[in-house]
Amino acid sequence: MVFVSHMLILYPTLRANVQWLGPVITRFATEKREVWLTIDDGPTEDTPAVLELFRSRGVKATFFVKGTRAAASPSLVQAMLDGGHIVANHSHTHPSGTFWCAPPGRIAFEVDECQRTIAQFGKTRPWFRAPVGMKNPFVHPLLSRRGLRLIGWSARGFDGVVSDANAVIERILPDLSPGAIIMMHQGGPQSLAMLTGVIDAVQAQGYAFVIPEDGALRA
């Protein structure tokens, strides 16, 4: 019984998109063949190439950036915004191994420092994506007090851990539907190739990449 109770406690913290602790946005309302492309972990050195790819394919995306990287490369953040994309909060230092068990003070630091950094660039959307999508009972109340919403995903290719672009595409395509949220990364050796493959495959299915309004987001 003790083992079962511990698993019930850990399950909603270690598994992304679980709604037990509070709402996690996993799609948006639309009647069109539209999806939302979200890119984690930037800005990175491949940002100019990623932005050129998006420009050439007519893609609009949301970059969930790390605060430390945004502070170190403000010109890359500005380039994202100048390209018509949105920049949002992906924590300050991205403590992927400990965010799920972080105390309130640490969570507040991660959220607030990143928010302070990206706010310098102008208006941002009230969106936060947790490192690796993890959370704990302190996350939702803290986000609520700051007017932020926790953004998950509905289609994931595991592009951060695999190097085969075809495998990433094969994981994402079955989860596509109008209003799906695609989560990918930048900064890896194969990131640009994977993004190119996914964008081409998704557009071949007749989908457009859009940035939804906050009011259209759904848990």
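Check the entry above for the structure.
Here is a short report on the structure shown in this document. (Residues numbered from 1 in each chain as written. Predicted model: local features only at pLDDT ≥ 70, side-chain atom pairs only at ≥ 80, totals over all residues. Heavy atoms only, no water.)

1. Re helix H7 (residues 165-172)
Argument step 1. Taken residue by residue, H7 has Val 168, Ile 169 and Ile 172 as its buried positions. On an axial view of H7, the arc spanned by its buried residues comes to 100 degrees, and they lie on one face.
Argument step 2. Of the surrounding elements, those touching the buried residues of H7 are strand S7 (155-156), strand S8 (180-185) and helix H8 (191-204).
Argument step 3. The distance from a side-chain oxygen at the start of H7 to the backbone nitrogen of Asn 166 is 2.9 Å, and the residue carrying that oxygen is Asp 164. (Buried < 20%, exposed > 50% of the residue type's maximum accessible area, 1.4 Å probe, protein only. Helix = DSSP H or I, 4+ residues; strand = E, 2+ residues; numbered from the N terminus. Arc of directions from axis to C-beta. Contact = heavy atoms within 4.5 Å. Polar contact = N/O pair within 3.5 Å; in protein donor to acceptor, adjacent residues only side chain to side chain.)

2. A short note on the packing of H7 against H8
Argument step 1. Packing of H7 against H8 leaves a shortest axis separation of 9 Å and a crossing angle of 40 degrees. In this view, H7 runs oblique relative to H8, as classed from their interaxial angle. In this structure, the crossing between H7 and H8 has a hand that is right-handed. Seen from H7, the contacting residues are Ala 165, Val 168, Ile 169 and Ile 172; seen from H8, they are Ala 193, Met 194, Gly 197, Val 198 and Ala 201.
Argument step 2. By residue class, the composition of the contact of H7 with H8 is eight nonpolar, one polar and no charged. (Axes fitted to C-alpha atoms, helices over the stretch in contact; angles between N-to-C directions. Parallel < 35°, antiparallel > 145°, perpendicular 65-115°, else oblique. Left-handed = near helix turned anticlockwise from the far one by under 90°. Nonpolar A, V, L, I, M, F, W, Y, C, P; charged D, E, K, R; others polar.)

3. Considering the nonpolar core
Argument step 1. Leu 37, Phe 54, Ile 182 and Met 184 are the most contacted members of the largest nonpolar core, which totals 33 residues.
Argument step 2. Of all the elements in the fold, those that place two or more residues in this core are strand S2 (34-42), helix H2 (47-57), strand S3 (61-65), helix H4 (74-82), helix H5 (104-119), H7, S8 and H8.
Argument step 3. In terms of residues, this core owes the most to one element, H8, which gives six residues.
Argument step 4. Counting 14 residues, the second largest nonpolar core, distinct from the first, contains Trp 36, Ile 86, Trp 127 and Ile 181. (Core = buried A, V, L, I, M, F, W, Y, C linked by side-chain atoms within 4.5 Å.)

4. Observations concerning the side chain of Gln 186
Argument step 1. Counting through the fold element by element, Gln 186 comes out in the loop between S8 and H8.
Argument step 2. Taking the relative accessible area as the measure of exposure, Gln 186 reaches 4% and is therefore buried.
Argument step 3. A distance of 2.8 Å separates polar atoms of two side chains, one belonging to Gln 186 and the other to Thr 44.
Argument step 4. Setting aside residues up to four positions removed in sequence, Gln 186 forms contacts with Ile 39, Asp 40, Asp 41, Gly 42, Pro 43, Thr 44, Asp 46, Thr 47, Phe 63, Met 80 and Ser 191.

5. Overview of the environment of Asp 41
Argument step 1. Among the structural elements, Asp 41 can be located in strand S2.
Argument step 2. Judged by its relative accessible area of 13%, Asp 41 is buried.
Argument step 3. When neighbours within four sequence positions are excluded, Asp 41 is seen to be in contact with Phe 64, Lys 66, Arg 69, His 90, His 94, His 185 and Gln 186.
Argument step 4. Polar side-chain contacts of Asp 41 include one of 3.2 Å to the side chain of His 90.

6. A few points about H8
Argument step 1. Here H8 contains 14 residues, and its C-alpha end-to-end distance of 20 Å stays within 8% of the 20 Å for a straight helix at 1.5 Å per residue.
Argument step 2. Restricting attention to buried positions, one finds in H8 the residues Ser 191, Met 194, Leu 195, Gly 197, Val 198, Ile 199, Ala 201 and Val 202.
Argument step 3. Looking at the buried residues of H8, the elements they touch are S2, H2, H7, S8 and strand S9 (208-209).
Argument step 4. Downstream of H8 by one or two residues, Gly 206 has phi in the positive range, about 90 degrees. (Expected span 1.5 Å × (residues − 1).)

7. Things to note about the environment of Val 139
Argument step 1. Residue position: Val 139 is located in helix H6 (residues 139-145).
Argument step 2. Taking the C-alpha atoms as reference points, Val 139 and Asn 166, separated by 27 residues in sequence, lie 35 Å from one another.
Argument step 3. The residues touching Val 139, leaving out its near neighbours within four places in the chain, are Phe 99 and Ile 107.

So, to be careful, I would describe these as geometric facts and stop short of saying anything about function.
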